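Coordinate analysis (summary)
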Amino acid sequence: MRIVPANGIELAVETHGDPDGLPLLLVGGLGQHLVGWHPDLVASMVRRGYHVITFDNRDVGHSTHLDWHGPPDLLGIVSGQTALAPYGLEDMAADTIGLLDALGVESAHVFGVSLGGMVAQLLALNSPDRVRSLTSVMSHPGDHSVKPSDEAVELLLRPSPTSLDEFIARAEESARVIGSPEFAVDVPWLHSRSRQLWERRQNPAGVARQLAAILVAADRSAALRGLRVPTLVVHGTHDPLIPVRGGRLTAATVPSAELLEIDGMAHDLPREIWERLLDRVDDVTYHGESLRAAVQ
């Protein structure tokens, strides 16, 4: 891991695989650290020829925590006071541009999950020359009519754990509430990841600031209709946090986007779907590389 300057802040970043491989930038979801990507999944990507870039978004892990903003007033934001949000998803997209600049990466294939899918969409819209292909996973195009289940909302807004044991218990409950019901939970990985996250500068206020950025985000649907970046949209049919309608709306707005719906998948990436998912990622990155070769 190293720390690099990006967009006026610092981001913690790791790279995996051959630097001459196809650059693949992974953009994590709400509160996700770079260690939140399963190492076996990253290794599978590396074996397929990708140079994988993982990083801590602003306000989590070892990236800059914007603590001078304090905890956001989420109730005020929900009531319509959008100016209370300390920053927006556009700022997080600009972070990724700064990260690519710091790493000397001219352009990359971008794979974003949940909040990361929203950030990846904005990256492709605002800087299409930096995005070779877009994979948007369990996300939506900013249509706020896509709402989570009541149980998922309750879990999301619960007070933060105050000990490692509570943190692990919360992770287990999260797996039950928003995890894939038709696939077994990888309990050893769940516990190992929880311990890693607990040790890497937990910041509940920072996660709340990220959530505020989601809540105030504008609908991207109209802009996405003009996107010409090769795009894959992936969504689980059983997602209670961002229902599958979010993925269907995203795919419907982006011209020529491919939609992969995965039966039994919820708001996670179970091991059993990795190869199927990566086969489709290979397809969209191949398309992106073909278009890039045609203009060079």
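Per-chain numbering applies: the sequence of each chain, read as written, is numbered from 1 onward. Reporting in this predicted model follows two pLDDT cut-offs: at least 70 for local features of residues, and 80 or more for side-chain atom pairs to be given and counted; totals over whole chains, interfaces and linings ignore these cut-offs and use all residues. Excluding hydrogens and water, the side-chain figures rest on all heavy atoms present in the structure.

1. Topic: the overall build of the protein
For the protein, the helix and strand inventory stands at 11 helices and eight strands. Taking the principal axes of the C-alpha coordinates as reference, the protein spans close to 55 × 40 × 40 Å. Note on classification: 1.4 Å probe, protein chains only; a residue is buried when its accessible area is under 20% of the maximum for its type, exposed when over 50%, partly exposed between these limits. Counting all 296 residues of the protein, 55% fall into the buried class. A total accessible area of about 12,700 Å² is found for the protein, and carbon and sulfur atoms account for 53% of it. Under the DSSP-based scheme used, a helix requires at least four consecutive residues in state H or I and a strand at least two consecutive residues in state E, with every element numbered from the N terminus. Surface exposure here means Shrake-Rupley accessible area, sampled with a 1.4 Å probe, where a residue is shielded only by the protein chains that are shown.

2. Considerations on helix α11 (residues 274–295)
An α-helical turn contains 3.6 residues, so any two residues separated by three or four positions project in the same direction. Counted at 1.5 Å a residue, the expected span for α11 with its 22 residues is 32 Å, and the 32 Å between its end C-alpha atoms agrees. Every buried residue of α11 is listed here: W274, L277, L278, V281, V284, T285, G288 and E289. All buried residues of α11 fall inside an arc of 145 degrees around its axis, so they share one side. Those residues of α11 that are exposed and aimed more than 90 degrees away from the buried face are Y286 and A294. Expected span, for any helix, means 1.5 Å times one less than how many residues it has. Think of the arc as the fan of directions from the helix axis to the C-beta atoms.

3. What to know about the packing of aromatic side chains
Planes of paired rings set the category: under 30 degrees apart is stacked, over 60 is edge-to-face and the rest tilted, where pairs are Phe, Tyr or Trp rings (Trp by its six-membered ring) whose centres lie within 6.5 Å. The full count for this structure, using the stated rule, is two aromatic pairs. For the ring pair W37 and F111, a centre distance of 6.1 Å and an interplane angle of 65 degrees mean the geometry is edge-to-face. Placement of the pair is W37 in the loop between β3 (22–27) and α1 (39–47) and F111 in strand β5 (residues 108–113), with a sequence separation of 74 residues. With relative accessibility at 5%, the residue W37 sits in the buried group. Aromatic side chains F167 and W198 sit 5.4 Å apart centroid to centroid with 50 degrees between the ring planes, which places their arrangement in the tilted category. Of this pair, F167 sits in helix α6 (residues 164–178) while W198 is found in helix α7 (residues 187–199), placing the two residues 31 residues apart along the sequence. Residue classification places W198 among the partly exposed residues on the basis of a relative accessible area of 29%. Residue placement shows R58 over the ring face of Y87; its charged tip is 4.6 Å from the ring centre. Any Lys NZ or Arg CZ found within 6 Å of a ring centre and within 35 degrees of that ring's normal is scored as a charge over the ring.

4. Some words on the pairing of strand β2 (residues 9–16)
Note that strand β1 (residues 2–6) and β2 share five bridges and pair antiparallel. Its bridge partner being in β2, R2 is matched across the sheet by V13. Two strands pair under a simple rule: DSSP has to find at least two bridges between them. Across four bridges, the pairing between β2 and strand β4 (residues 50–55) is antiparallel. Within the sheet, the bridge partner assigned to E14 lies in β4 and is T54.

5. Remarks on the pattern of salt bridges
A pairing counts as a salt bridge when a side-chain nitrogen of Lys or Arg comes within 4 Å of a carboxyl oxygen of Asp or Glu. Inspection of every chain in the model, using the stated rule, returns 18 salt bridges. Notably, a salt bridge pairs E289 with R132, separated by 2.9 Å at the nearest N-O pair. Of this pair, E289 sits in helix α11 while R132 sits in strand β6 (residues 131–137), and the two are 157 residues apart along the sequence. The pair E289 / R132 is uniform in exposure class, with both members buried. Note that R271 and D186 form a salt bridge whose closest N and O atoms lie 3.9 Å from each other. Here D186 lies in the loop between α6 and α7 and R271 lies in the loop between β8 (258–262) and α11, a separation of 85 residues in the sequence.

6. Thoughts on helix α8 (residues 204–215)
Compared with an ideal rise of 1.5 Å per residue, which puts 12 residues at 16 Å, α8 spans 16 Å between its outermost C-alpha atoms and is within 8% of the ideal. Among the 12 residues of α8, nine are classified as buried, and the element is accordingly described as predominantly covered. Along α8, the positions that sit buried rather than exposed are A205, G206, A208, R209, Q210, L211, A212, A213 and I214. A contact between two residues is defined here by any heavy atoms of the two lying within 4.5 Å. Those residues of α8 hidden inside the fold are in contact with α2 (74–78), α3 (89–103), α4 (115–126) and α5 (150–156).

7. Brief notes about the environment of L100
By the secondary structure assignment, L100 is in helix α3. L100 sits in the buried class, given a relative accessible area of 0%. The sequence separation of L100 and L25 amounts to 75 residues, and the corresponding C-alpha distance is 8.8 Å. When near neighbours in sequence (up to four residues on either side) are disregarded, L100 contacts L25, V105, A108 and R130.

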